[in-house]
Amino acid sequence: MENTLQFAQQLDRQDKLKHFRGRFHIPQVGGKDAFYFTGNSLGLQPKVTRDFINIELEDWAQLGVEGHVHATNPWVEYHDVFPALLSKIVGCEPEEVVAMSQLTINLHLLMVSFYRPTKERFKIICEAKAFPSDQYAFESQVNFHGLNPKEAIIEVEPREGEYVIRHEDIIAAIEEHGDSLALVLLGGVNYYTGQVFDMKSITAAAHKVGAYAGYDLAHGVGNIPLHLHDWQVDFACWCSYKYLNSGPGGVAGIFIHKNHITNKELPRFAGWWGHNKANRFKMDKEFNPIPTAEGWQLSNSSILLMAAHKASLHIFEEASFENLIAKSRQLTNYLFFILDDINVSQEHKVIQVITPRADNEKGCQVSMLMLERGKEIFTELKRQGVIADWREPNVIRIAPTPLYNTFEDVWQFGEIIKKLLSEK
Ligand SMILES: *Cc1c(COP(=O)(O)O)cnc(C)c1O
């Protein structure tokens with residue numbers, strides 16, 4: 001690899017997915033395309049999204065309530081399109097996945113089914129520095145069961161002086177708490193460091209001690225290869241507005257392993273959209289769940305959000321997830337290379353990358369711990385058209401995403417930082 005414009009442009013010319021960038025609205029800064037590196041926070045808008053939503057607005061205008069059955073895409077069955085699309089992205093069978101509701105709500109609903117503490121078995125293992133909403137969900141679930149979060153929630157931390165959590169420490173915690181462990185619940189990809197957890201062996205370790213394993217894949221879905229079914233993961237949830245580009249507050253999704261979808265012993269909070277479709281509208285008394293992940297749905301579908309979700313997932317389908325992963329790795333490895341080169345060009349190291357380097361331990365996000373002038377550099381980056389993300393106390397998160405970022409974006413980013421460092 002080379003830290004030159006020519007080299008970056010050559011990689012862009014060779015990129016099989018290069019034409020996809022033109023299918024997105026790129027935010028403008030000072031009349032120019034921004035360097036948009038926050039697809040891990042809010043993915044960009046596909047240009048077709050507006051058309052997909054307009055179809056539904058038009059049908060609603062023309063048909064009113066009749067749209068449920070007579071719209072171009074009848075609303076009662078609108079969500080049926082998602083299992084086929086999402087199952088390829090999360091690696092499962094269509095009946096194990098459903099697009100519904102919102103992430104934190106789904107996390108609660110899944111914990112209703114999979115966190116059923118007893119006197120003996122009541123602990124949850126999670127990662128230290130889990131996303132705040134997840135921490136609040138875990139704590140409030142524990143409180144809801146009349147337990148003490150300080151005793152029930154076990155956080156696995158990085159070791160002293162380290163930033164990512166060692167796999168062996170997660171496994172050791174699972175074994176240590178063994179019989180008292182109810183649930184292992186991690187972010188599949190940590191939002192802060194970009195570390196990818198080895199979900200397959202963590203799940204196996206949880207099952208070995210008799211606990212369930214579930215994952216919040218907000219930063220995993222659409223970013224890393226997932227094989228939830230084969231890994232025997234019990235459940236997972238995610239949002240669609242980050243890497244899945246489905247719009248702010250977009251419709252979320254859940255996965256429930258086939259082993260559990262017909263298990264009537266599992267409690268759940270039920271709603272009419274989870275009820276057997278054949279007699280849903282008979283408005284009968286007794287809840288009779290659909291024998292798939294759909295049985296966890298509560299409310300009728302958010303059609304406008306789902307239209308945006310569908311528009312975006314069609315792009316994933318067209319690009320193919322394998323191609324996206326291949327480019328993602330190349331792009332992120334190029335960013336690693338550029339950052340290493342910047343460090344070498346300075347008198348001493350200024351950027352410490354805390355994201356692991358191995359391909360199976362990272363997605364596209366790179367978290368840069370700024371050893372000096374962090375906030376100042378971040379502010380200046382923003383002024384120069386770089387849309388990145390700042391996390392206190394001194395981390396800049398950058399996520400070059402394969403659908404719309406270019407190798408030149410990554411090179412330009414490095415140039416801007418280099419120039420800022422030389423201007424002190
Ligand atoms: C983005 C994110 C959330 C946000 O939750 P919402 O319910 O969609 O607001 C929650 N958890 C994690 C891990 C996230 O990355």
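Residues numbered from 1 in each chain as written. Predicted model: local features only at pLDDT ≥ 70, side-chain atom pairs only at ≥ 80, totals over all residues. Heavy atoms only, no water.

Looking now at the sheet that holds strand 5 (residues 123–127). Strand order in this open sheet of 7 strands is 4-10-9-8-7-5-6, and the pairing throughout is mixed. The sheet is open, and its two edges are formed by strand 4 (97–99) and strand 6 (153–156), each paired on a single side. Sheet twist, expressed as the mean angle between neighbouring strand axes with direction ignored, is 15°. Pairing of strand 5 with strand 7 (residues 181–187) involves 3 bridges; the strand directions are parallel. Considered in strand 7, the bridge of Ile125 is made with Val184. Running over the sheet, helix 4 (residues 82–90) touches strand 4 and strand 9 (235–238) and is turned about 120° from strand 4. Contacts from helix 5 (residues 103–114) reach strand 5, strand 7, strand 8 (212–216), strand 9 and strand 10 (253–256), with the element oriented near 170° to strand 9. (Pairing = 2+ DSSP bridges. Helix = DSSP H or I, 4+ residues; strand = E, 2+ residues; numbered from the N terminus. Axes fitted to C-alpha atoms, helices over the stretch in contact; angles between N-to-C directions. Contact = heavy atoms within 4.5 Å.)

The local shell around the ligand consists of Leu103, Thr104, Phe131, Asp134, Asp216, Ala218, His219, Tyr241 and Lys242. Residue Asp216 places a side-chain N or O atom 3.2 Å away from a nitrogen atom belonging to the ligand. Side-chain polar atom of His219 to an oxygen atom of the ligand: 3.2 Å apart, as the coordinates give it. When the ligand is considered free in solution it has 390 Å² of accessible area, and contact with the protein chains removes 82% of it. Judged by the proximity of its atoms to the pocket grid, the ligand belongs to the second largest pocket. Of the residues assigned to the shell around the ligand, the class counts are 4 nonpolar, 2 polar and 3 charged. (Near = heavy atom within 4 Å. Polar contact = N/O pair within 3.5 Å; in protein donor to acceptor, adjacent residues only side chain to side chain. Areas by Shrake-Rupley, 256 points an atom, 1.4 Å probe, with all protein chains shown as cover. 1 Å grid on protein atoms, 1.4 Å probe; cavity = no way out; pocket = protein on both sides within 12 Å on 5 of 7 lines; lining within 4 Å. Sits in = over half its atoms within 2 Å of the grid points. Nonpolar A, V, L, I, M, F, W, Y, C, P; charged D, E, K, R; others polar.)

Counted by the stated rule, this structure contains 20 salt bridges. Lys362 serves as the salt-bridge partner of Asp359, at 2.9 Å between the closest nitrogen and oxygen. The partner of Arg397 in a salt bridge is Asp389, with the nearest N and O atoms 2.6 Å apart. Residue classification places Asp389 among the buried positions, given a relative accessible area of 9%. It is possible to trace a salt-bridge network through shared partners that takes in Arg159, Glu162, Arg166, Glu168 and Asp169. (Salt bridge = Lys/Arg side-chain N within 4 Å of Asp/Glu carboxyl O. Buried < 20%, exposed > 50% of the residue type's maximum accessible area, 1.4 Å probe, protein only.)

On to helix 9 (residues 199–208), then. Within helix 9, the full set of buried residues consists of Met199, Ile202, Thr203, Ala205 and Ala206. All buried residues of helix 9 lie within an arc of 160° about the axis, which places them on one face of the element. In helix 9, those exposed residues whose orientation departs by more than 90 degrees from the buried face are Lys200 and Lys208. In the core, the buried residues of helix 9 are packed alongside helix 8 (167–177), strand 7 and strand 8. Positive phi shows up at Gly210, right after helix 9, with a value of about 85°. (Arc of directions from axis to C-beta.)

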